[in-house]
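# Topology and contacts: notes
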Amino acid sequence: MKIGIIGSGALGSNIARAIAKKGLSALIANKSGPASLSNLVKEIGPSITAATIQEAASADLVIIAVPWEALEELTSQLPTWNNRIVIDATNPVLFLAPNSPERQDATNPLAAYGIKAIDLGGRHSSSLFRDLTPGARVVKTFNHLDANVLSEPQISGGQRTLFFAGDDVSAKAEVRKLLEVIGYFPVDLGALDVGGPLMELPFGALAMNNFIKI
Ligand SMILES: NC(=O)c1ccc[n+]([C@@H]2O[C@H](COP(=O)([O-])OP(=O)(O)OC[C@H]3O[C@@H](n4cnc5c(N)ncnc54)[C@H](OP(=O)(O)O)[C@@H]3O)[C@@H](O)[C@H]2O)c1
């Protein structure tokens, strides 16, 4: 199964590191283009290849790891999904620039963490993501932890737990298999409308819960 990763920042690069540790191959793309990824792919190793967004988006399983505010523009330029698996690894948060006045915003309870919740008008992010990717079999995962821990699926003598949720049983089975091969301990939270809000940052009940299966 060909894997594409769109987004090569904190999240996309650490997913690629975890995938590469097991010798799996993936294409990785970002906004700046493949040339900008030469150092990253050199560091990670030969199984990860720099690609264009269109190339990565054409894989059998596509992991989307871009800022929430970039999603609409990104998805509007992608090819039709034709029932392929798309992993929503995003969270509906804005990252605040260090030392910006917004870091001192007393009305934002998350300012000290450098983030701000994006107002989704009462919807949860996976339902909006699903609308932006018609024809895709959407599974949400990779989003509930700090991205820096993801490159170590196996730690402290156990496996790091990753939650996943989705509406398509066969897509979830494929994603479960992938997470297991990478070395995580996958836990199925049910349908997107059930599991999505539970694992979504910043307010999901399971967000940032870093469980290790011993
Ligand atoms: N950081 C975390 O700990 C963490 C954990 C869980 C989930 N998440 C979620 O993961 C997503 C990415 O976060 P991040 O921390 O990895 O952000 P980041 O470090 O800022 O990286 C963002 C990546 O997205 C790419 N990008 C931006 N706009 C794009 C577009 N229109 N088309 C294609 N690529 C685009 C950027 O390309 P360039 O490199 O060319 O700028 C960059 O590679 C967010 O939704 C975030 O909420 C983050």
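Overview of the structure. On a predicted model such as this, the values are computed, not experimentally measured, just so you know.

## Comments concerning the overall build of the protein
Counting secondary structure elements, the protein contains seven helices and 12 strands. Relative to its length of 214 residues, the protein is compact, with a C-alpha radius of gyration of 16 Å against a globular reference of 17 Å. Along the longest, intermediate and shortest principal axes, the C-alpha atoms of the protein span 45 × 40 × 35 Å. Burial statistics for the protein: of 214 residues in total, 43% are counted as buried. Long-range contacts, defined here as pairs at least 24 residues apart, represent 67% of the contacts in the protein between residues at least 6 apart.

## Details of the packing of helix α5 (residues 125-132) against helix α7 (residues 192-199)
Put simply, α5 and α7 touch, their axes get as near as 8 Å, and they point 120 degrees apart. The orientation of α5 with respect to α7, classified from their angle, is oblique. Contact residues: α5 offers Ser 125, Ser 126, Ser 127 and Arg 130, while α7 offers Leu 192, Asp 193 and Gly 196. For the contact of α5 with α7, the per-class residue count stands at one nonpolar, four polar and two charged.

## What to know about the site of the ligand
Near the ligand, the surroundings consist of 25 residues, among which Gly 9, Ser 32, Ala 70, Thr 90 and Ala 147 are the closest. Elements that contribute at least two residues to the shell around the ligand include exactly α1 (10-21) and α4 (71-76). No other element matches the three residues that α1 contributes to the shell around the ligand. Considered class by class, the residues forming the shell around the ligand number 13 nonpolar, nine polar and three charged.

## A short note on the environment of Leu 27
Counting through the fold element by element, Leu 27 comes out in strand β2 (residues 26-29). In this structure the C-alpha to C-alpha distance between Leu 27 and Ala 112, which are 85 residues apart in sequence, comes to 35 Å. Those residues in contact with Leu 27 that sit more than four places away from it in its chain are Gly 4, Ile 5, Thr 49, Ala 51, Glu 55, Ala 56 and Ala 59.

## Considerations on the pairing of strand β10 (residues 158-166)
The element β10 is extensively covered by neighbouring structure, given that seven of its nine residues are classed as buried. Bridge count for strand β8 (residues 137-140) against β10 is two bridges, and the pairing is antiparallel. Counterpart to Lys 140 in the pairing with β10 is Ala 165. Of the strand pairs in this sheet, strand β9 (residues 154-155) and β10 are connected by two bridges, and their pairing is antiparallel. Its bridge partner lying in β10, Gln 154 is registered against Gln 159. Linking β9 to β10, which pair antiparallel, is a turn of two residues; within it Ser 156 sits at a positive phi near 50 degrees. Taken together, the two bridges between β10 and strand β12 (residues 212-213) define a ladder with antiparallel strand orientation.

## A look at the pairing of strand β11 (residues 185-188)
Pairing analysis gives four bridges linking β10 to β11, with the strands arranged parallel. In the sheet register, Phe 164 faces β11, and the bridge partner there is Asp 188. With respect to chirality, the unit in which β10 leads through helix α6 (residues 169-182) into the neighbouring parallel β11 is right-handed.

## Let's talk about the nonpolar core
Ranked by internal contacts, the top residues of the largest apolar core, which has 54 residues, are Ile 5, Ile 28, Ala 56 and Ile 87. Among residues more than four places away in sequence, those in contact with Ala 56 are Gly 4, Ile 5, Ile 6, Leu 27, Ile 28, Ala 29, Ala 51 and Val 62.

What counts and what doesn't
- Residues numbered from 1 in each chain as written.
- Predicted model: local features only at pLDDT ≥ 70, side-chain atom pairs only at ≥ 80, totals over all residues.
- Helix = DSSP H or I, 4+ residues; strand = E, 2+ residues; numbered from the N terminus.
- Rg over C-alpha atoms; globule rule 2.2 N^0.38 Å.
- Buried ≥ 20, exposed ≤ 12 C-beta atoms within 10 Å, placed from the backbone.
- Contact = placed C-beta atoms within 7 Å.
- Axes fitted to C-alpha atoms, helices over the stretch in contact; angles between N-to-C directions.
- Parallel < 35°, antiparallel > 145°, perpendicular 65-115°, else oblique.
- Nonpolar A, V, L, I, M, F, W, Y, C, P; charged D, E, K, R; others polar.
- Near = placed C-beta within 6 Å.
- Pairing = 2+ DSSP bridges.
- Right-handed = clockwise from strand over helix to strand, strands pointing away.
- Core = buried A, V, L, I, M, F, W, Y, C linked by C-beta atoms within 7 Å.

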